[in-house]
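The chain contents come next:
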Amino acid sequence: MTDTETSKFSGHCLCGSVSFEFSAEPESPHCCHCDDCRRASGSVYGSFVYVSTEALQVTGEMRSYEHQNDQSSTMTKYFCPSCGSVSYTHLTLPTNREV
């Protein structure tokens, strides 16, 4: 792959009603063990990458749930209303990024 080419990443929820894709390189992958990530993932940690809001394209009906995380940032989790899969989370601070 050359410097001018970018990879395209895509996926969908469990039932396939919601799809997402982005063509920008993802920013730093993370595994987080905070209470919010553990509860949202139903596991001992949550895995995610940051992508810019402008690079993310989502299709399908979504529902959302907004809450304050343990660092006082507002997090909005977007999920499929049919199967409940969380597709992405919008974090208001420190930057306008999707997780």
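Located above this text is the structure these notes cover.
The structure displayed is predicted, hence computed values, not measured ones.

Novice: Describe the overall build of the protein, listing the residues and the values that go with them.
Specialist: When its secondary structure is counted, the protein shows 1 helix and 9 strands. Mapped from its N terminus to its C terminus, the protein presents α and β elements in the order β-β-β-α-β-β-β-β-β-β. The contacts in the protein between residues at least 6 apart in sequence include a share of 36% that link residues at least 24 apart. Here the protein has roughly 6,400 Å² of accessible surface; of this, 49% comes from carbon and sulfur atoms.

Novice: For the side chain of Thr-76, give the residues involved together with the corresponding values.
Specialist: Relative to the assigned elements, Thr-76 resides in strand 7 (residues 74-79). Ignoring any residue separated from it by four or fewer positions in sequence, one finds Thr-76 in contact with Ser-64, Tyr-65, Glu-66, Tyr-88, Thr-89 and His-90.

Novice: Which residues make up the nonpolar core, and what values do they have?
Specialist: Cys-13, Val-18, Phe-22, Val-51, Ala-55, Leu-56, Met-62, Cys-80 and Tyr-88 form the largest nonpolar core, which has 9 residues in total. With sequence-adjacent residues up to four places away left out, Val-18 is seen in contact with Gly-11, His-12, Cys-13, Val-58, Thr-59, Gly-60, Glu-61, Met-62, Cys-80 and Ser-87. One finds Cys-34, Phe-48, Tyr-50 and Leu-91 within the second-largest nonpolar core, a separate group that totals 6 residues.

Novice: Describe in detail the sheet that holds strand 5 (residues 56-59), supporting the description with residues and values.
Specialist: Here 3 strands make up an open sheet; going across it, the order is 1-2-5 and the pairing antiparallel. At either margin of the open sheet sits one strand with a lone partner, and together these are strand 1 (9-12) and strand 5. For this sheet, the mean inter-axis angle between neighbouring strands, taken without regard to orientation, is 15°. Across 4 bridges, the pairing between strand 1 and strand 2 (residues 19-22) is antiparallel. Paired with Phe-9 across the bridge in strand 2 is Phe-22.

Novice: Residues and numbers for the pairing of strand 8 (residues 86-91), please.
Specialist: Across the 6 residues of strand 8, 5 count as buried, placing the element largely inside the fold. Between strand 7 and strand 8, which follow one another and run antiparallel, lie 6 residues, and Gly-84 among them has a positive phi close to 85°.

Novice: Break down the environment of Ser-72 for me, citing the residues and quoting the values.
Specialist: Mapped onto the elements, Ser-72 comes out in the loop between strand 6 (63-68) and strand 7. The spatial distance from the C-alpha of Ser-72 to the C-alpha of Thr-92 is 9.9 Å, given a sequence separation of 20 residues.

Novice: So what's going on with the packing of aromatic side chains? Which residues, and what values?
Specialist: One pass over the full model with this rule turns up 3 aromatic pairs. Ring plane angle 20° and centroid distance 5.2 Å describe the contact between Phe-9 and Phe-22, whose orientation is recorded as stacked. Highlighted residues: Phe-9 in strand 1 and Phe-22 in strand 2, separated in sequence by 13 residues. For Phe-9, a relative accessible area of 31% translates into the label partly exposed.

Novice: Could you give an account of the side chain of Thr-74, with specific residues and numbers?
Specialist: Relative to the assigned elements, Thr-74 resides in strand 7. A polar side-chain atom of Thr-74 sits 2.8 Å from a polar atom in the side chain of Gln-68.

Conventions used here
Residues numbered from 1 in each chain as written. Predicted model: local features only at pLDDT ≥ 70, side-chain atom pairs only at ≥ 80, totals over all residues. Heavy atoms only, no water. Helix = DSSP H or I, 4+ residues; strand = E, 2+ residues; numbered from the N terminus. Contact = heavy atoms within 4.5 Å. Areas by Shrake-Rupley, 256 points an atom, 1.4 Å probe, with all protein chains shown as cover. Core = buried A, V, L, I, M, F, W, Y, C linked by side-chain atoms within 4.5 Å. Buried < 20%, exposed > 50% of the residue type's maximum accessible area, 1.4 Å probe, protein only. Pairing = 2+ DSSP bridges. Axes fitted to C-alpha atoms, helices over the stretch in contact; angles between N-to-C directions. Phe/Tyr/Trp six-rings, centres within 6.5 Å; stacked < 30°, edge-to-face > 60°. Polar contact = N/O pair within 3.5 Å; in protein donor to acceptor, adjacent residues only side chain to side chain.

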